[in-house]
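Observations on the model geometry
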Amino acid sequence: MSRTARVWQLLSGGTKTRAPAILGDMLKTPNARLPVVWMDVSVEGEPAERVAIRLFEHIAPKDTDNFIQLCTGEKGPSYKGSRFHRILPGSLVHGGDIIRGDGRSGMNADGASHPSDAKYSIGMHRAGLVCNYITEWPNVNSQFFITTRSSPWLTKSVAPIGEVVMGMDTLWKMEEQCGTASGTPRGEVVITDCGKLDAEIRM
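It should be emphasised that the depicted structure is a prediction, and the values quoted were computed from it without experimental measurement.

Overview of the overall build of the chain
The helix and strand inventory of the chain stands at 4 helices and 9 strands. In sequence order, the secondary structure elements of the chain are arranged as α-α-β-β-β-α-β-β-β-β-β-α-β. The buried share of the chain, taken over its 203 residues, is 52%. Of the contacts formed within the chain by residues at least 6 apart in sequence, a portion of 68% connects residues at least 24 apart. Approximately 9,200 Å² of the chain is accessible, and the part contributed by carbon and sulfur atoms is 51%.

Structure (structure tokens):
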């Protein structure tokens, strides 16, 4: 089995047999060893395809480390069991409020407040970008956005810390079934499990 196929099997939990071309291309790039985390999501109670995210550790090491720890739950706080509280069709999905679940709270993995180290080095002009707030507010640092289309209007408040490498169909399913013009979901979307890809085969 090729390295691309082996990584794809792990990303998909063994449910997918054919890797997309983008994955093979990514494994050949200078950033191929960037860490990858995953989220299993249920949409209105039904399991959806796993979402896998490659994190820009070389751009935002503090923010990506915090994101990894919230995926693994190694320090206690975790994305597991949290929900996406805002879903705007044609724009973004918004989650990560691990306290209230409504976008008005959140916390870092270590419970402390840290300024974001994410930067505007990547434009907001494509789908699949995972973004943090550019802020020092202590109550939003676990929250994140994922763009589902080009969203340049977000540039003033958020910056990318990663990109989706598998599971865009899940995000579009969330939009279709639960998205609204106001952003308030009409159905529940929950992160049922999450974690980090084995460090020995990091992308």
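Thoughts on the confidence of the model for the chain
Predicted confidence across the chain gives a mean pLDDT of 81, with 74% of residues reaching 70 or more. Considering only residues more than four positions removed or in separate chains, one finds that residues 199–203, a stretch of pLDDT under 50, has 23 contacts.

Quick word on helix H3 (residues 61–72)
Given 3.6 residues per turn, any residue in an α-helix points the same way as the ones three and four places further on. With 12 residues, H3 should reach 16 Å at 1.5 Å per residue; the first-to-last C-alpha distance of 16 Å fits that figure. What H3 keeps buried is the set Asp63, Thr64, Asn66, Phe67, Ile68, Gln69, Leu70 and Cys71. Looking at the buried residues of H3, the elements they touch are strand E1 (36–43), strand E3 (51–55), strand E6 (129–133), strand E7 (144–147), strand E8 (158–166) and strand E9 (189–196). Looking at the residues trailing H3, positive phi occurs at glycine 73, about 70 degrees.

Focus: the packing of aromatic side chains
Across all of its chains, the model carries 4 aromatic pairs by this definition. With 5.4 Å between their ring centres and 80 degrees between their planes, phenylalanine 67 and phenylalanine 144 make a pair best called edge-to-face. Of the two residues, phenylalanine 67 is situated in helix H3 and phenylalanine 144 in strand E7; the sequence distance between them amounts to 77 residues. Relative to phenylalanine 144, the ring of phenylalanine 84 lies with its centre 5.8 Å away and its plane at 85 degrees, an arrangement referred to as edge-to-face. In this pair, phenylalanine 84 sits in the loop between H3 and strand E4 (86–88) while phenylalanine 144 sits in strand E7, placing the two residues 60 residues apart along the sequence. Here phenylalanine 84 and phenylalanine 144 have matching classes, each one buried. Connected via pairs of aromatic rings, a cluster forms that spans Phe67, Tyr79, Phe84 and Phe144. The ring of tryptophan 38 is capped by arginine 50, whose NZ or CZ atom sits 3.9 Å from the centre of that ring.

What counts and what doesn't
Residues numbered from 1 in each chain as written. Predicted model: local features only at pLDDT ≥ 70, side-chain atom pairs only at ≥ 80, totals over all residues. Heavy atoms only, no water. Helix = DSSP H or I, 4+ residues; strand = E, 2+ residues; numbered from the N terminus. Buried < 20%, exposed > 50% of the residue type's maximum accessible area, 1.4 Å probe, protein only. Contact = heavy atoms within 4.5 Å. Areas by Shrake-Rupley, 256 points an atom, 1.4 Å probe, with all protein chains shown as cover. pLDDT = per-residue confidence, 0-100. Expected span 1.5 Å × (residues − 1). Phe/Tyr/Trp six-rings, centres within 6.5 Å; stacked < 30°, edge-to-face > 60°. Lys NZ or Arg CZ within 6 Å of the ring centre and 35° of its normal.

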